Amino acid sequence: MIIYKTDDEIRAMKRSNRIVARVLAGLVPLVKPGVTTKDLDEYAEKRTREMGAAPAFKGYRGFPASLCASVNEEIVHGIPSSRKLKDGDILSLDCGVIFEGYFGDSSVTVPVGEISPEAARLIAAARESFDAGISRMKEGNRVSDISAAIQERVEADGFSVIRAFVGHGIGRSLHEEPQVPNFGLPGHGPKIRRGLVLAIEPMIAMGDWEIEILANGWTAVTKDRSLAAHYEHTVACTGNGVEILSAWEGLGDSTGNVMDKESLNA
Ligand code: MG
Ligand code: MG
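None of these values were measured; they are calculated from a predicted model.

1. Quick word on the packing of helix α3 (residues 117-134) against helix α4 (residues 143-156)
Relative orientation and spacing of two packed helices are given, respectively, by the angle between their axes and the distance between those axes.
So, point 1. Look at α3 against α4: their axes get within 8 Å of each other, and the N-to-C directions meet at 150°. In terms of their interaxial angle, α3 and α4 are classed as roughly antiparallel. Note that α3 runs across α4; the crossing there is right-handed. Note on element contacts: α4 touches α3 through Ile146, Ala149, Ile150, Arg153 and Val154, opposite Arg121, Glu128, Ser129, Ala132 and Gly133.
So, point 2. Here the contact of α3 with α4 is composed, by residue class, of 5 nonpolar, 2 polar and 3 charged.

2. With respect to the coordination of the magnesium ion (ligand 1)
So, point 1. Those protein atoms acting as donors to the magnesium ion (ligand 1) are Asp94 (OD), Asp94 (OD), Asp105 (OD) and Glu232 (OE), and they sit at 2.0 to 2.5 Å.
So, point 2. Between the two metals, the magnesium ion (ligand 1) and the magnesium ion (ligand 2), the spacing is 3.2 Å, and Asp105 donates to both. Residue Asp105 is located in strand β5 (residues 102-111), and its partner Glu232 is located in the loop between β13 (228-230) and β14 (233-238); the two are separated by 127 residues in the primary sequence. Each member of the pair, Asp105 together with Glu232, is buried.

3. Observations regarding unusual backbone geometry
So, point 1. Of note, the bond from Glu177 into Pro178 is cis; its omega dihedral lies within 30 degrees of zero at 0°.
So, point 2. Relative to the helices and strands, Pro178 is located in strand β8 (residues 176-180).
So, point 3. Notably, His77 is not glycine yet its phi reads approximately 65°, a positive angle.
So, point 4. Following the sequence through the fold, His77 ends up in the loop between β3 (74-76) and β4 (90-99).
So, point 5. A positive phi angle, close to 60°, is found at Arg225, a residue other than glycine.

4. Brief notes about the sheet that holds strand β9 (residues 197-200)
So, point 1. In space, the 5 strands of this open sheet follow the order β8-β7-β9-β14-β15, with antiparallel pairing throughout. Only two strands of the sheet have a single neighbouring strand rather than two, namely β8 and β15 (241-244). Strand-to-strand, the axes of this sheet are offset by a mean angle of 25°, without reference to chain direction.
So, point 2. For β9 and β14, the ladder comprises 4 bridges, and the chain directions are antiparallel. When the sheet's bridge partners are listed, Leu198 is paired in β14 with Val235.
So, point 3. Sheet strands touched by helix α1 (residues 7-27): β9, β14 and β15. Its angle to β14, the strand with the most contacts, is close to 160°.
So, point 4. α4 rests against β8 and β9 of the sheet, and its axis sits at about 35° to β8.

5. Focus on the environment of Lys58
So, point 1. Tracing the backbone through its elements, the reader meets Lys58 in the loop between β1 (54-55) and β2 (67-71).
So, point 2. Residues Lys58 and Ile10 lie 48 residues apart in sequence; the distance between their C-alpha atoms is 24 Å.
So, point 3. Residue contacts for Lys58: discarding those within four places in its chain leaves Glu45, Phe63, Pro64, Ala65 and Ser66.
So, point 4. One polar contact links Lys58 to Glu45, side chain to side chain, over a distance of 2.7 Å.

6. What about the coordination of the magnesium ion (ligand 2)?
So, point 1. In this structure, Asp105 (OD), His168 (NE2), Glu201 (OE) and Glu232 (OE) serve as the protein donors to the magnesium ion (ligand 2), at separations of 2.1 to 2.3 Å.
So, point 2. All donors of the magnesium ion (ligand 2) belong to a single chain; written as a sequence motif, their spacing is D-x62-H-x32-E-x30-E.

The rules we used
Residues numbered from 1 in each chain as written. Chains lettered and ligands numbered in written order. Predicted model: local features only at pLDDT ≥ 70, side-chain atom pairs only at ≥ 80, totals over all residues. Heavy atoms only, no water. Axes fitted to C-alpha atoms, helices over the stretch in contact; angles between N-to-C directions. Helix = DSSP H or I, 4+ residues; strand = E, 2+ residues; numbered from the N terminus. Parallel < 35°, antiparallel > 145°, perpendicular 65-115°, else oblique. Left-handed = near helix turned anticlockwise from the far one by under 90°. Contact = heavy atoms within 4.5 Å. Nonpolar A, V, L, I, M, F, W, Y, C, P; charged D, E, K, R; others polar. Donors = N, O, S within 2.8 Å, 3.2 Å for Na, K, Ca; no water. Buried < 20%, exposed > 50% of the residue type's maximum accessible area, 1.4 Å probe, protein only. Pairing = 2+ DSSP bridges. Polar contact = N/O pair within 3.5 Å; in protein donor to acceptor, adjacent residues only side chain to side chain.

So, to be careful, I would describe these as geometric facts and stop short of saying anything about function.
Structure (structure tokens):
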């Protein structure tokens, strides 16, 4: 069952998602050769708690960290470790929090130092496919219209869409109905209407879409070990169109230590 949100609930979800956006915006400048993914995880947890929220992923089905940090061929659910980032790596950061009962969820893939033009193209394609998907999130459209637009955009660049993981509804639970695949034919699935809140999250690969799960039981990698990228925002269908609740715009000093609670309502 899809849980449609009231305007008040969407405002609450905007607050939790602005915390996610602040954590990610603070993380990105820290991504450099020599930094460990554990360093980034520690920052994310500290920053999340400073803002009065709790990490959503830590302990979720036993996940051991606050942040998912997935390097190169790792698609999602990378476990932060003492692995040092190297020049030319690409890193997907996925952050989730819970604040006042509502979840926020957003991801971004970023370059480490100087990356290849192909890797940069992959990162851009993940974002552009998100943009293509959200352009189809209109009242009266169907959820698979988003899916089809993402797939079309990704495949136009010769990349592939991961099938094993999908976007999702989000609210008082991290994962709610409906599922939002990043592939499929348009015109299927639930109708999009006011109050629908989704985490739209293209996960894409430079090579084939088949995956493997590493021995840690979590980390998903491309079977052919080609590079993967991920881009995710929590978005809401409101009375005034679609709003990206986890947008970075207007965050102000996202790296400062003082959290202005008022600004969560901006
Ligand atoms: Mg996520
Ligand atoms: Mg998600």
